[in-house]
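Here are the chains, one letter per residue:
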Amino acid sequence: MKTSSRLGRRKRWYDADNASPHASVFDIVPQLESKSSDRRNKFLKHARLYGNYEFGGLGPGQNSVSGRSNRLTFNVVANCVDTATALMARSKPAPQFLTSGADYKLARKAIKLNKFGKGVQHQLGIHRLSESMHLDKLIYGTCFAKIWSEGKKLCAERVFPWEILVDEADGFYGDPKNMFQVKYIDRDRLIDMYPEREDKLWHTPSAPTGYFGEQLTTDLIKVVECWHLSGKSGRHVICVENDTLFDEEWTRTRFPIVWSHWDLPRPTGFWGGSMVERLAPIQASISDLIARIKQKTRLFGVPRIIVDAASGIPKNWISNEIGEILTIQNGANPPVILTPPPLANEDMQLLQMEIARAYEEVGISQASATARKPTGINSGVGVREVLEIGSERLVMYGLRWEEFHMDVVRVALDEVREIDGFSVDVPGKQHRDELSWADLDLDEEAYVLQCFPVSLLPQTPAGRYERIQELAMGGWITKEQGLELMQVPDMDNLSADVNAQSNSVRQRIDGMIDDGVYVAPEPYDDPAASIAIVKSIYFQERERGAPEQTLAMLRQYMTTCATIMSRAQVQNQAMQQQPTPGAGPQPPTQ
C-alpha cells in the first residue's frame, strides 16, 4: 500500500515553512481566476438580465451602462427576484441556544445566550444586509457575508460572489478547506491599515487600468486574503503581489466568511444555482413573443383602404381631414376601409402562459408579484391561507436562510472568544441590557443552535391586528399579551403602560433568580396578577431543574402576595361593616 509523502511535493501557500506566502498566493490566484472566468461571465449575464441594461463589467468602475439597446420591455426575471426578496427579507430568523441534559446553571446561561445572540445580530447589522444578500443569492446563486472585529466591536459586510475563489477540486463536496477573497483597495487606505509596510506598498503595482477604465480619484491595488482550514496547522494570510501584509496561524474550524445558496449545487461542487439562471430561458421566450407581437402589430395593425379604380378618386384625396367629401363616378364602388385584427388570441394566450410558467417555475404566485388580492378571496383568513400555499415552495430556501443566520452567530462567537472583555448591548423596547461574554461563555458542545422566526404573525399592521383579535376572541391570549404582540410603534407607549406591572414583576423575579437574593413584593403591586406571573415562572424553573433555594424564593414571593391580598380583603370587609358617619342606629337583624 502506497503512503503519501511530502518529499517532492510542490510548496503550498499555507505550509508552515513558507516564509513568503504572497508569492505562492499570487501564483495560484490567476489560475483560479482563469478557471472561474466562465462563472464570472455568467454572473455578468445574470446581472445584466436582472438590471435590464448592459453593465460594462463586475469590477470597480465597470458598473456604468455601456449601452441601452435590447432592453427588455417586460422583465419577468426582475419581477420574480424582487418578489422573492420581499417575501424572504421580511423574515428575520432568531437563532436560539438549546441545551439537553445540562444542569440548571448552564440552562440559565443558554437563556441569556439567546439575548446575547440577538445583540450580536444587532451589532453586526446582519438584518440590514438582508436585501442585498437575498439579491446576490437570487441573481448569482450564492451570497457571502464576512465577519470580523475591530477592537471590541463586531463587524459584517457583504462580499460579492466574484470576489471569492475556490478550487473546483477542493470544493467538489461543498466543503472546501481553502478560500480566497480578492479585493481592490486604495493604496492610501492600505498604508493607513499597515503603516509598517509602507515602503513595500509604494512599490506594489497598481491594478491594470484596462480592467477598470481610467482611475481618476483612486489608486487601486489587488489584495488577496486567504484561509486554510486544518485544525492546528491552518493559516490566514493577507497579501499583495510583492509583500505579505498579515500572517497568522488559523486554528478555527470555520472560515470567517458565511455563505448561503438559493438552489443547492447541481449535482456537485461549491456554487449554488440562481433564480435568474432558471428563469433565463423563459425570459428569452417571453421576449421573442413580445417582439413577434410588436412586429405583427406594426404589419397588421394599420387600416387598409380599397379604392375602386373606376371611382376616379386619386390617392391624394384621401387624407386625415375630418368630414371630407369625396366624389366618385356613377356606378363605381365607394372606398372600403379594412381593419384586420393585428393579433390572434393564441398569441396573447401563449404570452400569458409563458409569464405564468415563469412564476410557477420558481414557486411565486402572480398575486404576490403584482400585490393583488386573489379574485374571490375576501376574508383575512382566506388571504393568509392563499399566501401560505403560495410560499410553500419557498420553505427550503427559508430553511437555508435560517441556517445562514445560525452560521453567522457561530462565526461571530468564534470571533468573540478571542476578544477580551467583550460585551454587547441588547436593545429592547424601553431599555437596553449589556451582557458580557465572560458571564455567558459556553463550549460549543454544550448547546445546539436552532433557528426560529422572530414572529409567526402577519407582517402588516392590519393583518397582525386581525390575527391577534382572532387569538384573543378564542381565549388563547389576554388583552395585555395582545398589545405586546402588536409591535406597532404607535402602540408601544400604550403597551408599556398596560404591561408595566407584569414587566416590573418579571424583571424583579429575573434579578432574584440570577443574584440569589430575595426581594419582597411592593405594596403597590397587584398581588393577584403577581401570583399568576410568578406561578408561571415557578413551573418553568422547576422543570428546568432550578435549585431548591430558587424555588423557595418564588414560593415565598407568592405567599407574601397572597398574604397582602388576604390582608386587603379583611380591611375591605371591616370598612364595609363600619356605620356611615351621621347615620342613625341600625335596625336589629332578625
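Moving on to the pairing of strand β9 (residues 257–261). Extensive coverage of β9 is indicated by the burial of four of its five residues. Note: strand β2 (residues 142–150) against β9, five bridges, orientation antiparallel. Bridge assignment links alanine 145 to a residue of β9, and that residue is valine 258.

The three strands lie next to each other as β3-β2-β9, forming an open sheet whose pairing is antiparallel. Both outer strands of the open sheet, β3 (153–159) and β9, are each paired with one neighbouring strand and no more. Averaged over all adjacent pairs, the angle separating strand axes in this sheet is 20°, with direction ignored. On top of the sheet, helix α5 (residues 130–140) reaches β2, β3 and β9; it is set at about 145° to β2, its chief contact. Seen against the sheet, helix α13 (residues 395–416) touches β2, β3 and β9 and runs at an angle of roughly 175° to β9.

Once that is clear, we can look at the pattern of salt bridges. Under the definition given, this model contains 24 salt bridges. Across the pair glutamate 415 and arginine 252 runs a salt bridge whose closest N-O atoms are separated by 2.9 Å. Taken together, the residues span a long stretch of sequence, with glutamate 415 in helix α13 and arginine 252 in the loop between β8 (243–250) and β9 at a distance of 163 residues. Across the pair, exposure class does not vary: glutamate 415 and arginine 252 are buried alike. Where glutamate 361 meets arginine 278, a salt bridge forms, and the shortest distance between an N and an O atom there is 3.1 Å.

Another point: the packing of helix α18 (residues 527–543) against helix α19 (residues 548–577). For the pair α18 and α19, the least separation of the axes is 9 Å and the interaxial angle reads 165°. Relative to α19, the element α18 is oriented roughly antiparallel. Crossing hand, α18 versus α19: left-handed. Contacts from Pro527, Ala528, Ser530, Ile531, Val534, Lys535, Tyr538, Glu541 and Arg542 of α18 reach α19 at Leu551, Leu554, Arg555, Tyr557, Met558, Cys561, Ala562 and Met565. Here the contact of α18 with α19 is built from residues that sort into twelve nonpolar, one polar and four charged.

The subject of this paragraph is the packing of aromatic side chains. Here the structure, examined in full by the defined rule, presents 17 aromatic pairs. Ring geometry for phenylalanine 116 against phenylalanine 422: centres 6.1 Å apart, planes inclined by 75°, an arrangement best described as edge-to-face. One end of the pair, phenylalanine 116, is in helix α4 (residues 104–124); the other, phenylalanine 422, is in the loop between α13 and β12 (423–427), with 306 residues separating them in the sequence. You'll find phenylalanine 116 and phenylalanine 422 in the same group, each marked buried. Ring geometry for phenylalanine 160 versus tryptophan 162: centroids 4.8 Å apart, planes at 5°, classification stacked. Site record: aromatic cluster; members linked through ring pairs are Phe43, Tyr140, Phe144, Phe160, Trp162, Phe255, Trp259, Phe270 and Trp271.

Of note in this structure, asparagine 52 is not a glycine but carries a positive phi near 65°. Relative to the assigned elements, asparagine 52 resides in the loop between α2 (37–51) and α3 (76–89).

Now for α5. Summarising burial for α5: ten of the eleven residues are buried, a large majority. Among all positions in α5, only Ser130, Ser132, Met133, His134, Leu135, Asp136, Lys137, Leu138, Ile139 and Tyr140 are buried. Directly beyond the C-terminal end of α5, a positive phi value near 100° is found at glycine 141.

For the rest of this paragraph, the subject is the confidence of the model for the chain. For the chain, mean pLDDT is 81; residues scoring 70 or higher make up 78% of the total. Here helix α12 (residues 380–390) stands out as the element of the chain with the lowest mean pLDDT, 47, in contrast to strand β4 (residues 164–165), whose mean of 97 is the highest. Contacts for the low-pLDDT stretch residues 1–5, under 50 throughout, to residues beyond four places or in other chains number zero contacts. The low-confidence segment residues 488–492 (pLDDT under 50) makes six contacts with residues lying over four places distant or belonging to another chain.

Before going further, it helps to examine the sheet that holds strand β6 (residues 220–228). One open sheet accounts for five strands, arranged β4-β5-β6-β7-β8; its pairing is antiparallel. Edge positions in the open sheet fall to β4 and β8, since each of these has one partner strand only. The sheet contact formed by strand β7 (residues 234–240) and β8 spans seven bridges and is antiparallel. Bridge pairing in β8 links glycine 234 to tryptophan 250.

Take the side chain of arginine 187 next. Within the fold, arginine 187 resides in helix α6 (residues 187–193). In this structure the side chain of arginine 187 is engaged in a polar contact, spanning 3.0 Å, whose partner is the backbone oxygen of threonine 204. At 2.5 Å, the side chain of arginine 187 and the side chain of aspartate 219 are in polar contact.

Criteria and thresholds
Residues numbered from 1 in each chain as written. Predicted model: local features only at pLDDT ≥ 70, side-chain atom pairs only at ≥ 80, totals over all residues. Heavy atoms only, no water. Buried < 20%, exposed > 50% of the residue type's maximum accessible area, 1.4 Å probe, protein only. Helix = DSSP H or I, 4+ residues; strand = E, 2+ residues; numbered from the N terminus. Pairing = 2+ DSSP bridges. Axes fitted to C-alpha atoms, helices over the stretch in contact; angles between N-to-C directions. Contact = heavy atoms within 4.5 Å. Salt bridge = Lys/Arg side-chain N within 4 Å of Asp/Glu carboxyl O. Parallel < 35°, antiparallel > 145°, perpendicular 65-115°, else oblique. Left-handed = near helix turned anticlockwise from the far one by under 90°. Nonpolar A, V, L, I, M, F, W, Y, C, P; charged D, E, K, R; others polar. Phe/Tyr/Trp six-rings, centres within 6.5 Å; stacked < 30°, edge-to-face > 60°. pLDDT = per-residue confidence, 0-100. Polar contact = N/O pair within 3.5 Å; in protein donor to acceptor, adjacent residues only side chain to side chain.

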